[in-house]
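The chain contents come next:
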Amino acid sequence: MRGTVLYGTGDIRFEDTPEPKITKPTDAIIRLAATCVCGSDLWSYRGISPVNQPTPMGHEYCGIVEEVGSGVKTVKPGQFVIGSFFASDNTCPHCNFGYQSSCQQREFVGGAQAPLLRVPLAEGTLVPTPGVPAKEMIPNLLAASDVLGTGWFAADAANVRPGMTVAVVGDGAVGLLAVLSARQMGAERIIAMSRHEKRQKLALEFGATDIVTERGDEGVVRIKDLTKGLGADAVLECVGTQESMMQAIRSTRPGGYVSYVGVPHGVELRGDELFFSHVHLHGGPAPVRRFLPKLIDLVWTEKIHPGKVFDLALPLDQVAEGYRAMDERRAIKAILQP
Ligand SMILES: [Zn+2]
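Residues numbered from 1 in each chain as written. Predicted model: local features only at pLDDT ≥ 70, side-chain atom pairs only at ≥ 80, totals over all residues. Heavy atoms only, no water.

Asker: An account of the layout of surface pockets is needed here, citing residue identities and associated values.
Answerer: What the second largest pocket holds in volume is close to 300 Å³. Along the walls of the second largest pocket sit 20 residues, with Pro-20, Pro-56, Gly-110, Gly-111 and Leu-117 positioned nearest its centre. Split by residue class, the lining of the second largest pocket holds twelve nonpolar, six polar and two charged. (1 Å grid on protein atoms, 1.4 Å probe; cavity = no way out; pocket = protein on both sides within 12 Å on 5 of 7 lines; lining within 4 Å. Points joined across faces, edges and corners; volume = space filled by probe spheres on them. Nonpolar A, V, L, I, M, F, W, Y, C, P; charged D, E, K, R; others polar.)

Asker: Account for the pairing of strand 2 (residues 11–16), naming residues and giving values.
Answerer: Note on strand geometry: in a regular strand, side chains alternate between the two faces of the sheet. Of the pairings in the sheet, the one linking strand 1 (residues 2–8) to strand 2 comprises six bridges and is antiparallel in character. Note that in strand 2 the partner of Gly-8 across the bridge is Asp-11. (Pairing = 2+ DSSP bridges. Helix = DSSP H or I, 4+ residues; strand = E, 2+ residues; numbered from the N terminus.)

Asker: I'd like a rundown of the sheet that holds strand 4 (residues 55–56), residues and numbers included.
Answerer: If you walk across this open sheet you meet the three strands as 2-1-4, and the pairing is antiparallel. Edge positions in the open sheet fall to strand 2 and strand 4, since each of these has one partner strand only.

Asker: I'd like to hear about the packing of aromatic side chains, residue by residue, with values.
Answerer: A full pass over the atoms with the stated rule returns six aromatic pairs. Summarising the aromatic geometry, the rings of Tyr-45 and Tyr-323 are spaced 5.2 Å apart at their centres and angled 40° between planes, so their arrangement reads as tilted. Of the two residues, Tyr-45 sits in helix 1 (residues 39–45) while Tyr-323 sits in helix 12 (residues 319–327), which places them 278 residues apart along the sequence. Neither residue differs from the other here; Tyr-45 and Tyr-323 are each classed as buried. Cluster of aromatic residues (ring-pair linked, three or more members): Phe-85, Phe-86 and Phe-108. (Phe/Tyr/Trp six-rings, centres within 6.5 Å; stacked < 30°, edge-to-face > 60°. Buried < 20%, exposed > 50% of the residue type's maximum accessible area, 1.4 Å probe, protein only.)

Asker: A description of helix 7 (residues 197–206) should follow, citing residues and the corresponding values.
Answerer: Buried within helix 7 are the following residues: Arg-199, Gln-200, Leu-202, Ala-203 and Phe-206. Seen end-on, helix 7 carries its buried residues on one side only, within an arc spanning 165°. The exposed residues of helix 7 that point more than 90 degrees off its buried face are Glu-197 and Lys-201. Buried residues in helix 7 make contact with helix 6 (173–184), strand 12 (189–193) and strand 13 (210–212). (Arc of directions from axis to C-beta. Contact = heavy atoms within 4.5 Å.)

Asker: I'd love a proper account of a nonpolar patch on the surface, names of residues and values included.
Answerer: Taken together, the side chains of Leu-269, Leu-274 and Leu-281 present a nonpolar region at the surface, about 190 Å² in accessible area. With respect to the element layout, Leu-274 can be found in helix 10 (residues 271–277). (Patch = residues over 30% accessible without salt bridge, like charges linked within 9 Å, V, L, I, M, F, W, Y side chains within 5 Å. Areas by Shrake-Rupley, 256 points an atom, 1.4 Å probe, with all protein chains shown as cover. Salt bridge = Lys/Arg side-chain N within 4 Å of Asp/Glu carboxyl O.)

Asker: Please give an account of the pattern of salt bridges that cites residues and values.
Answerer: This structure, assessed with the given rule, holds 21 salt bridges. The salt bridge involving Asp-11 is made with Arg-13; its shortest N-O contact spans 2.9 Å. A relative accessible area of 27% places Asp-11 in the partly exposed class. Taking the relative accessible area as the measure of exposure, Arg-13 reaches 35% and is therefore partly exposed. One salt bridge connects Arg-31 with Glu-66, and the closest N-O pair in it is separated by 3.1 Å. Separated by 35 residues along the polypeptide, Arg-31 in strand 3 (residues 28–36) and Glu-66 in strand 5 (residues 61–68) bring together distant segments of the chain.

Asker: With reference to specific residues and values, describe the nonpolar core.
Answerer: Judged by nonpolar contacts, the single largest core of 59 residues is most densely connected at Val-160, Val-166 and Leu-236. If sequence neighbours within four positions are ignored, Val-166 has contacts with Val-160, Ala-182, Ala-187, Arg-189, Ile-190, Ile-191, Ala-234 and Leu-236. (Core = buried A, V, L, I, M, F, W, Y, C linked by side-chain atoms within 4.5 Å.)

Asker: Requested: an account of the state of the cysteines, with residues and values cited.
Answerer: For the structure shown, the criterion picks out zero disulfides. Summary of cysteine pairing: Cys-38 is not part of a disulfide, and the nearest cysteine sulfur, belonging to Cys-36, is at 7.3 Å. (Disulfide = S-S within 2.5 Å.)

Asker: Give me the lowdown on the environment of His-280, citing residues and values where you can.
Answerer: Its location among the elements puts His-280 in strand 16 (residues 280–283). Sequence separation between His-280 and Thr-252 is 28 residues, and the spatial gap between their C-alpha atoms is 9.4 Å. In this structure His-280 touches Gly-255, Gly-256, Tyr-257 and Val-258, once residues within four positions along its chain are discounted. A polar contact of 3.3 Å, which involves the side chain of His-280, links it to the backbone oxygen of Gly-255. (Polar contact = N/O pair within 3.5 Å; in protein donor to acceptor, adjacent residues only side chain to side chain.)

Asker: Tell me what's going on with the coordination of the zinc ion, and back it up with residues and numbers.
Answerer: The zinc ion binds to the protein through Asp-89 (OD), Cys-92 (SG), Cys-95 (SG) and Cys-103 (SG), with metal-donor distances spanning 2.1 to 2.3 Å. Considering all four donor atoms around the zinc ion, angles at the metal cover 93 to 123° and the coordination shape is tetrahedral. We note that the donor set of the zinc ion lies within a single chain, spaced as D-x2-C-x2-C-x7-C. Taken as a pair, Cys-92 in the loop between strand 7 (86–87) and helix 2 (93–96) and Cys-103 in the loop between helix 2 and strand 8 (107–108) lie far apart in primary sequence, eleven residues in all. With a relative accessible area of 6%, Cys-92 lands in the buried category. On the basis of relative accessibility, which here comes to 4%, the residue Cys-103 falls in the buried class. (Donors = N, O, S within 2.8 Å, 3.2 Å for Na, K, Ca; no water. Tetrahedral: all angles 85-135°; square planar, octahedral: opposite > 155°, others 65-115°.)

Encoded structure:
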């Protein structure tokens, strides 16, 4: 088959790669209905995270189970399934607490920008949909694999409750879906921070009530202005830079909640500022598996349409253009059709 491999900064290739095989009895092979390029793929593509060897790319996936290992009973060939970027057994203590992305057996799932994918710990990782979806529903289901699951965790980790004022830092696909998630959880006011017209529009469609275009300390001042000088009840940090993290902490009222789901790059927190901020901090790699049954239900019953974040659709063999378009911020998120 042909799959996507990153060789170094800006060097993404679609080339002959070995077909994945069952290597453990707990594995499944799935045939992808669609896959996509993640904002976190761009860290390696831009050379900010080093690429030491040719690396198969892609960790967002949904599709039909093609084959299962001898130990897999509850997932069956022919089922349409969704999984997330960390495979998990869904039975260990961390999984039972709802932190499947810290599973004692966790394994990163890579190589999904390809027609076929091996998923370890298939029974714990994969969640079947109620049936084989219509073609139009596939982008919405694919979004649940990572961006929606991560945006949902951002809202969950920031303790979003009905009536709250929520601010979202970051207007990438995760930030936009964090807006949608906060809306679903009943936030009354949702302030989206974006200076990009197309993204502002989508944020409003997903439930944002206010748009703030200022960044950094000016952004903090605007949030304070909008909240009677208090700060927001919850701030969802969906970028991962020093500026975005400090903006999130400083925009939160004392006693409020900051979640952080952007992979941090060069973020350092000062103990004294943290001490006097009086905020709750919670984040990390989203335990998407915890949310998948709920998210699949919301998509299946057409209560949400998270696939709207895909504003560029390409055949899989044009994956390099997907990376370029996202790198240059011409596209919010590229969906790839094998
Ligand atoms: Zn586990």
